[in-house]
Number of protein chains: 2
Amino acid sequence: MPIAKSIKNALGSSSMIRKMFEEGNALKKQYGTEKVFDFSLGNPDVDPPPAFHDVFVRLAQENKKGSHGYMPNGGYPDVREAIAKKASLEHEVSIDGSHIVMASGAAGGLNAVFKTICNPGDEVIVTRPFFMEYRPYTANHGAKLIEVDSLADFNLDIKAIGEALSSQTAAVLINSPNNPTGKVYPKQDIAALAQLLVECGKNTGRLPYLVSDEPYREIAYNIHVPPLLSAYSETIIVNSYSKSLSLSGERIGYIAVSPDIAEKDDVMNGLIYSTRTLGFVNAPALMQRIVAELTDSSVDVSIYAHRRDAFTAVLDEVTIEYAVPEGAFYLFCKVPERKKPDSADAGISPDMAFINHLKKYLILGVPGSGFGKTGWVRFAYCINENIIRASALAFKQAMEDW
Amino acid sequence: MPIAKSIKNALGSSSMIRKMFEEGNALKKQYGTEKVFDFSLGNPDVDPPPAFHDVFVRLAQENKKGSHGYMPNGGYPDVREAIAKKASLEHEVSIDGSHIVMASGAAGGLNAVFKTICNPGDEVIVTRPFFMEYRPYTANHGAKLIEVDSLADFNLDIKAIGEALSSQTAAVLINSPNNPTGKVYPKQDIAALAQLLVECGKNTGRLPYLVSDEPYREIAYNIHVPPLLSAYSETIIVNSYSKSLSLSGERIGYIAVSPDIAEKDDVMNGLIYSTRTLGFVNAPALMQRIVAELTDSSVDVSIYAHRRDAFTAVLDEVTIEYAVPEGAFYLFCKVPERKKPDSADAGISPDMAFINHLKKYLILGVPGSGFGKTGWVRFAYCINENIIRASALAFKQAMEDW
């Protein structure tokens, strides 16, 4: 009759974000949706590219027999081949369909990966700030998430990662372009990380996996996102079409592994087994067929570039400091020094206090503590540019009273 | 570098079924697909109903803004309302959208349910024979599957279930119409089970959940599948459109709970949290919108009824005994007595020996040990009726040599 204790506890601790979400909805009801500057969610408002619509309509009309039925749990063989070609180019390797498993979005892919590689008590190292869902994604499979800080510029702290590595380390998990910082890790840092992992393997006899969560790979601003599969033999990348094709609700993505990965058969069979038994069974059939035809398409990144520029102009005007995003669509901002202290802030983090303050001006964001980094806040700019521009006055008033 | 030990072990133990699958494919390559009588898989070859195609094309052409993006993790509110209406009729209750969570098929739904209700070490009671994926679905969340035998006619053994109940019991899991037996549990047995659970709650202080996995509810032959949500307050049903609309590859289904369920908020919030954090995030967006419009549609069950009659005629001819299917599309058959013993059978179960023997005549099925019931075999008849009829000669020859 009572639910599991761990879930009951989780519901308690996530109730803050739920409360924020509900308060946001209440604000929209009270003042009208267009009056609220909602920078809280990473739900792209940019439509899928026109090529998506063309393929979608064609496949619907075609009505091919059996096209909505089961296929092998790893995905349609021809879809896996098409994805492998694209991933080979992006990652400067030569892989084929046998290196690919189709996944139910990056979230589904990451769960399949951690189930496959983590023994109970194994550790997964991640750099703060990070997407907080990594906590349940690892805990689901008995693994422990080890959080190390990034450098001041939000690049990887290779030394700190090195100190966290041990024979308990199943994987290092990175996310580039990064949510929430927008950072793209440079090629030399990836190389340094790879070298570190190779050394760890020599010292401990266990070569950790490098798990790269990269749903934002296609959303980068005049910067090359370096290849990962060619950088290290034990790399497992997880990608999705949630952002690159704006298909976040359709749950479609893939897992790809390095061509030289050790125990390839075990890894691939394990990923397929985990995909099946976690209840994904397979990635959604129709979307597999659609994305296989769209390996050369993505949403118009210039839209996000314009929004980024519009938003940084707003923040510059009120002198809020931020990390300049090289990719993704988030602005990670330092909480400005409070000049007019408020007794209501007692006992809460400065980022929560700032988020609460902004809400009075109908500006919604997420406190950095929601990413393991207090003193910072995240604004998502995957929303209409007019709303971004219109927020300038609200930001100005909010900062005058802060 | 090595994968998780539990996964490595699982790959070893599931290799028998993989081997069978590979052997089946090899047979098809050698003799041609149409020469092999493949009754091994529950992958419906019946197309989705015409109404599906109409809605599918219309939604594709409509190209509604934002229609592929995130929605609340529990599903679109209007979709949940539509499903609640249909479930209310089927289960003789009055529930609304707040009692529904959209799921990525029944497999996804069951994982979300067990994650939500099971503490580590909790027990889930199931009746043998059963769909073997229930083992990982419960083990994923630290629960222990307790297997009790059914009665000789494959109905629930209420007494045996009663003896297995304890304060450790999180749930009793039933599946009706049943895979592999085709049994539909009668209303009085459901009532007896409900009464048993109420008594267990009085004795132990913990009212177990009744989890009903019912993807075959719509595939029943002139028999009413009794309502579950009205039978017991702590019922959680999991349904899918894999069979009723032949959408097995699209991963769409739902979870529904009884109107009087205790701790309703915890259960629903837990189901939504589990759906999110297991990596499903939400059931695929497009398919949610499609099935909401098709609550009055299902595949033509008479097709399966004809196949059942054709298949039982084949089996009657060679006097293979079977449980008469009241629903679903499987024939669960007793392994006939062997008249011509073969030394190759030493050390393997009689059902495996029979399956191996049938393979020589290009007939593929699944041994009952794959469902926890040795001495029986399962044939799936969700394939073309001509193949079923054409198998008569192969069955005759196989039985002459058995």
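All values derive from a computational prediction rather than experimental measurement.

Participant: In this structure, what is going on with the confidence of the model for chain A? I would like to understand it.
Facilitator: Predicted coordinates in areas of low pLDDT are best not read in detail. When pLDDT is averaged along chain A, the result is 95; 99% of the residues meet or exceed 70. Across the interfaces of the predicted complex, the ipTM metric reaches 0.96, alongside a pTM of 0.96.

Participant: What's the story with the interface of chain A and chain B in this structure? I'm lost.
Facilitator: By a widespread convention, an interface's size corresponds to the accessible area lost as its parts come together. Across the contact, 74 residues belong to chain A and 74 residues belong to chain B. Interface of chain A and chain B: buried area, both sides summed, is about 6200 Å²; carbon and sulfur atoms make up 54% of it. Interface area lost by chain A to chain B is led by Met 1, His 68 and Tyr 70 of chain A, which between them contribute 14%. Remark: the boundary between chain A and chain B carries 6 salt bridges.

Participant: For this particular structure, what's the right way to read the pattern of salt bridges?
Facilitator: All names here are of chain A. The final tally for this structure, using the stated rule, is 38 salt bridges over all chains. We note a salt bridge from Glu 400 to Lys 396, for which the minimum N-O separation is 3.5 Å. Of this pair, Glu 400 and Lys 396 both sit in helix H13 (residues 385-400), separated by 4 residues, roughly a single helical turn. When its relative accessible area of 42% is taken as the criterion, Lys 396 is described as partly exposed.

Participant: Can you walk me through the pairing of strand S8 (residues 253-257) of chain B in this structure?
Facilitator: Residue and element names in this part refer to chain B. Burial analysis of S8 places 5 of its 5 residues in the buried class, the great majority of the element. Taken together, the 4 bridges between strand S2 (residues 100-103) and S8 define a ladder with antiparallel strand orientation. Within the sheet, the bridge partner assigned to Ile 100 lies in S8 and is Ala 256. Sheet topology note: the strand S7 (residues 235-240)/S8 ladder contains 5 bridges and is antiparallel. Bridged to Ser 240 within S8 is Gly 253.

Participant: What am I meant to see in the relation of the copies chain A and chain B here?
Facilitator: Between the two copies, chain A and chain B, the superposition gives an RMSD of 0.0 Å; the rotation angle is 180° and the shift along the axis is 0.0 Å. The operation mapping one copy onto its partner corresponds to a two-fold rotation axis. Interface residue correspondence from chain A to chain B reaches 100%, placing this contact among same-surface, isologous pairings.

Criteria and cut-off values
Residues numbered from 1 in each chain as written. Chains lettered and ligands numbered in written order. Predicted model: local features only at pLDDT ≥ 70, side-chain atom pairs only at ≥ 80, totals over all residues. Heavy atoms only, no water. pLDDT = per-residue confidence, 0-100. Contact = heavy atoms within 4.5 Å. Buried area = accessible area lost by both parts, 1.4 Å probe. Salt bridge = Lys/Arg side-chain N within 4 Å of Asp/Glu carboxyl O. Helix = DSSP H or I, 4+ residues; strand = E, 2+ residues; numbered from the N terminus. Buried < 20%, exposed > 50% of the residue type's maximum accessible area, 1.4 Å probe, protein only. Pairing = 2+ DSSP bridges. Least-squares fit on C-alpha atoms with pLDDT ≥ 70 in both.

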